[in-house]
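Chain by chain, the residues run as shown.
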2 protein chains.
Amino acid sequence: MSITIALDAMGGDRAPGVVVEGAARALRERPDLRFLLFGDEARIAPLLERHAAVRERSQLRHTDQFVANDARPSQALRQARRSSMRLAVEAVRAGEGDAAVSAGNTGALMAIAKIVLRTLPGIDRPAICTALPGRRPVVMLDLGANVGCSAEHLVQFAVMGEVYARTVLGLERPRVALLNIGTEEIKGEDVVREAARLLRASPLQMEFCGFVEGNDIVHGVVDVVVTDGFTGNVALKVAEGASRLYSDSLKEAFGSSLRAKLGYLLARPALSAVRERYDPRRYNGAMLIGLNGIVVKSHGGTDAVGFAHALLSAARLVEGRTNERIGAELRALAGSLAAAPRAVAS
Amino acid sequence: MSITIALDAMGGDRAPGVVVEGAARALRERPDLRFLLFGDEARIAPLLERHAAVRERSQLRHTDQFVANDARPSQALRQARRSSMRLAVEAVRAGEGDAAVSAGNTGALMAIAKIVLRTLPGIDRPAICTALPGRRPVVMLDLGANVGCSAEHLVQFAVMGEVYARTVLGLERPRVALLNIGTEEIKGEDVVREAARLLRASPLQMEFCGFVEGNDIVHGVVDVVVTDGFTGNVALKVAEGASRLYSDSLKEAFGSSLRAKLGYLLARPALSAVRERYDPRRYNGAMLIGLNGIVVKSHGGTDAVGFAHALLSAARLVEGRTNERIGAELRALAGSLAAAPRAVAS
């Protein structure tokens, strides 16, 4: 059984070029993939001419509507009923695609996915989840879908993140933690503390490790870091910003004198290995997790290498039966939550 | 008029050694400083013997009580009425010290400072505020004192952070922004949006720039970044963690082959300049801002170079009449808040 990915061919800063080239790259690694491309035929067909392998494994469906990068989610929902983004998500609902991938507007994609696919039973709110570069890869969620979260939401995120780590990172028993601002129980927000209590009391086979702090995220202390979408988004972007500042400063330093330039030439192979290890393109592709269907968001500014990674990540999520696994965990959790005593009796 | 700094000589991982050595270093730059040292005479007196310059400018007051690094704030308050930390803060209230500096337990220091000094009129909650390394230094608050904040709290933080940037960074007109997860008005938490509305409506001469995202913090887009203590603490520690990971990885890379080692030797002067520029010790010393008195928290694990920076930062805060300036801004703000129409009529 081959995997079919429905593609929003018009989403992202350099669409549809990067989308088709990314598909070509993904096919080199996974020749069994198939694609369902939604977008402007006049622009996509010539690209397929240049990428015969993609053309052979794809079906192209024309639409002249697409979601602008700066569109408001509500706009994207009301207008553009036949946008390339929406059609890709609808293909998943219809069973024509096993997953949808878009590099378009995140808010619009989430809004469309929620309306079209609905959330999984037992999930109140879908989250944005991905693996991030660190001393070892670390799964983090929510990265920006939900600004205010209850303890129950965080518990649901923990369940989903754990399954994601098993599926995408291939870990047998991922270690899961809640992001907090101190390892002592006395610190932190009430919701975070309550979520920890619920996770400790749960009958899930999850390896719950309590709390981690911001600096632990990249240091491989745990495999899954759970937080609300506001903090998660800030953390993600601070890490990106700090890495960028560091690498820019190095570049300046290496260019600052002839001696430094020579040093760079000598150290280049070793430095390239570091750069490759933390290359954000290798981590591209965040799952909108908690929906009845697999939807992956690619970074809007990525190139074909990055887009291919998002496609391969989507394929792994399909093969790993991610949503079936989440469903099974949630059923176990629902039983326990119904039975467990609460901190505050109602 | 010389500045007298009250020192918790027993606070921090390597106290009292680092405290006395830090004082010696600070004196080289600012020979006009005076110190009031609180702590174990038997341990401090021999150190002063080795640092005659510090001894000459110091008064040593013995106490055998100190706050443990892992003490709970409530413990530190109830017990240890004569802890070195508390006595240092009390010296500020009594007017014997112009500022108190401690490298001890942050939670305990904040709890003691709130009880002993009380908050400034117009401030509901003190915050933790410091300048962070970035493309240019950026002031950020709250870094962990308040996990849940209202819009009014964020406005007060903005006022305090702006004054801090004027005093410590010497900026004439600091640009102030609220941390958010999108630059569009549609995103973000209600409290952040409401704080933006209040700041826009305020009559303060503040250059309010709206929202910034996590990646903007280190890139010098604005001079002051305002957020709640949970997000601020996570952001601070993620930045530290990412920088650490990057520098560790580089160290490994430069040691991975003879060729890379040679490259490092050539590039070392240029790389040292980068390291020095972002050296966290140069940024050591966070103000517990919003109190009737200047209290500066040094990192507990810093060395004498870092501790000296905390002392010099405290001296600048005294000279800059930071609290008087904050008071003046708050009086202007209080007038405007009383007069301004609210979004929701009461």
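Residues numbered from 1 in each chain as written. Chains lettered and ligands numbered in written order. Predicted model: local features only at pLDDT ≥ 70, side-chain atom pairs only at ≥ 80, totals over all residues.

Draft legend 1. Main features of the overall build of chain A. When you go through chain A residue by residue, the secondary structure sums to 12 helices and 11 strands. On C-alpha atoms alone, chain A measures out to a radius of gyration of 21 Å, which is about the 20 Å that the 2.2 N^0.38 rule sets for 346 residues. With respect to the principal axes defined by its C-alpha atoms, chain A has extents near 65 × 60 × 35 Å. Counting the 346 residues in chain A, one finds 57% classified as buried. The contacts in chain A between residues at least 6 apart in sequence include a share of 73% that link residues at least 24 apart. (Helix = DSSP H or I, 4+ residues; strand = E, 2+ residues; numbered from the N terminus. Rg over C-alpha atoms; globule rule 2.2 N^0.38 Å. Buried ≥ 20, exposed ≤ 12 C-beta atoms within 10 Å, placed from the backbone. Contact = placed C-beta atoms within 7 Å.)

Draft legend 2. Spatial organisation of the confidence of the model for chain A. All names here are of chain A. The share of residues in chain A with pLDDT of 70 or more is 95%, and the mean pLDDT across the chain is 91. pLDDT under 50 marks residues 342–346. Its contacts with residues more than four places away, or in other chains, come to two contacts. Model confidence for the complex is summarised by a pTM of 0.91, with the ipTM given as 0.90. (pLDDT = per-residue confidence, 0-100.)

Draft legend 3. Broad picture of the interface of chain B and chain A. In this complex, chain B contributes 50 residues to the contact, which on the side of chain A involves 50 residues. Within the residue set of the side of chain B that touches chain A, elements represented by two or more residues are α9 (229–254) and α10 (258–277) of chain B. No other element matches the 19 residues that α9 of chain B contributes to the side of chain B that touches chain A. Classifying every residue of the side of chain B that touches chain A gives 27 nonpolar, 15 polar and eight charged. (Nonpolar A, V, L, I, M, F, W, Y, C, P; charged D, E, K, R; others polar.)

Draft legend 4. Quick look at the relation of the copies chain B and chain A. Least-squares fitting of chain B to chain A yields an RMSD of 0.0 Å, with the superposition described by an axial translation of 0.0 Å and a rotation of 180 degrees. Here the symmetry operator amounts to a two-fold rotation axis. If distances are taken from each C-alpha of chain B to the rotation axis, the shortest is found for Gly-263 of chain B, at 1.9 Å. In this assembly, 100% of the residues forming the interface of chain B have copies in chain A that are likewise at the interface, indicating an isologous arrangement. (Least-squares fit on C-alpha atoms with pLDDT ≥ 70 in both.)

Draft legend 5. Molecular detail of the pairing of strand β7 (residues 175–179) of chain A. Residues and elements named next belong to chain A. Burial within β7 is extensive, with four of its five residues counted as buried. Where β7 and strand β8 (residues 207–212) come together, four bridges link them in parallel fashion. Bridging from a neighbouring strand, Arg-175 pairs with Glu-207 of β8. Here β7 runs beside strand β9 (residues 224–226); their pairing, made up of three bridges, is parallel. In the sheet register, Leu-178 faces β9, and the bridge partner there is Val-226. (Pairing = 2+ DSSP bridges.)

Draft legend 6. Quick peek at the sheet that holds strand β2 (residues 34–39) of chain A. Residue and element names in this part refer to chain A. One open sheet accounts for 11 strands, arranged β3-β2-β1-β4-β11-β10-β5-β6-β9-β7-β8; its pairing is mixed. Both outer strands of the open sheet, β3 (58–62) and β8, are each paired with one neighbouring strand and no more. Strand-to-strand twist across the sheet, computed as the mean angle between neighbouring axes with direction ignored, equals 25 degrees. Pairing analysis gives four bridges linking strand β4 (residues 99–102) to strand β11 (residues 294–297), with the strands arranged parallel. The residue bridging Ala-100 from the neighbouring strand is Val-295, located in β11. Along the sheet, helix α6 (residues 106–117) contacts β4, β10 (286–289) and β11; its crossing angle with β11, the most-contacted strand, is approximately 175 degrees. (Axes fitted to C-alpha atoms, helices over the stretch in contact; angles between N-to-C directions.)

Draft legend 7. Main features of unusual backbone geometry. The peptide bond linking Ala-15 of chain B to Pro-16 of chain B adopts the cis configuration, its omega dihedral lying at 0 degrees. When you line up the elements, Pro-16 of chain B lands in the loop between β1 (4–8) and α1 (17–29). In this chain, Leu-141 of chain B is followed by Asp-142 of chain B through a cis amide linkage whose omega measures -5 degrees. Residues other than glycine seldom take positive phi values, yet Arg-321 of chain A does so here, at roughly 50 degrees. Mapped onto the elements, Arg-321 of chain A comes out in the loop between α11 (304–319) and α12 (322–339). By the C-beta count within 10 Å, which is 13 here, Arg-321 of chain A ends up partly exposed. The residue Arg-118 of chain B is not glycine, and still its phi comes out positive at about 65 degrees. Take Arg-118 of chain B: it is sitting in the loop between α6 (106–117) and β5 (127–132).

Draft legend 8. The arrangement of the domain arrangement of chain A in detail. Residues and elements named next belong to chain A. Here chain A is partitioned into domain 1 (1–120 + 290–321) and domain 2 (124–282). On a C-alpha basis, the centres of domain 1 and domain 2 stand 26 Å from each other. At the junction of the two partners, domain 1 supplies 14 residues and domain 2 supplies nine residues. Those elements that place two or more of their residues in the side of domain 1 that touches domain 2 are α6 and α11. At six residues, the largest contribution of residues to the side of domain 1 that touches domain 2 is made by α11. (Domains from an automatic or database assignment.)

Draft legend 9. Here's a closer look at helix α7 (residues 151–168) of chain B. A rise of 1.5 Å per residue sets the reference length of α7 of chain B, with its 18 residues, at 26 Å; its end C-alpha atoms lie 25 Å apart and thus fit the reference within 8%. Backbone geometry just downstream of α7 of chain B places Gly-170 of chain B in the positive-phi region, at approximately 70 degrees. (Expected span 1.5 Å × (residues − 1).)

Draft legend 10. Quick look at α11 of chain A. All names here are of chain A. With 16 residues, α11 ought to run about 22 Å at 1.5 Å a step, and its terminal C-alpha atoms sit 23 Å apart, in line with that. Extensive coverage of α11 is indicated by the burial of 12 of its 16 residues. Within the span of α11, buried status applies to Gly-306, Phe-307, Ala-308, His-309, Ala-310, Leu-311, Leu-312, Ser-313, Ala-314, Ala-315, Leu-317 and Val-318. Of the residues one or two after α11, Arg-321 is the one with positive phi, at around 50 degrees.

Draft legend 11. The packing of helix α1 (residues 17–29) of chain A against α11 of chain A, seen in detail. Residue and element names in this part refer to chain A. Here α1 crosses α11 at 60 degrees, and the two axes come no closer than 7 Å. Considered as vectors, α1 and α11 are oriented oblique to each other. Of the two possible hands of crossing, α1 and α11 adopt the one that is right-handed. Residues Val-18, Val-19, Glu-21, Gly-22, Ala-23, Arg-25, Ala-26 and Glu-29 of α1 pack against Ala-304, Val-305, Phe-307, Ala-308, Leu-311 and Leu-312 of α11. (Parallel < 35°, antiparallel > 145°, perpendicular 65-115°, else oblique. Left-handed = near helix turned anticlockwise from the far one by under 90°.)

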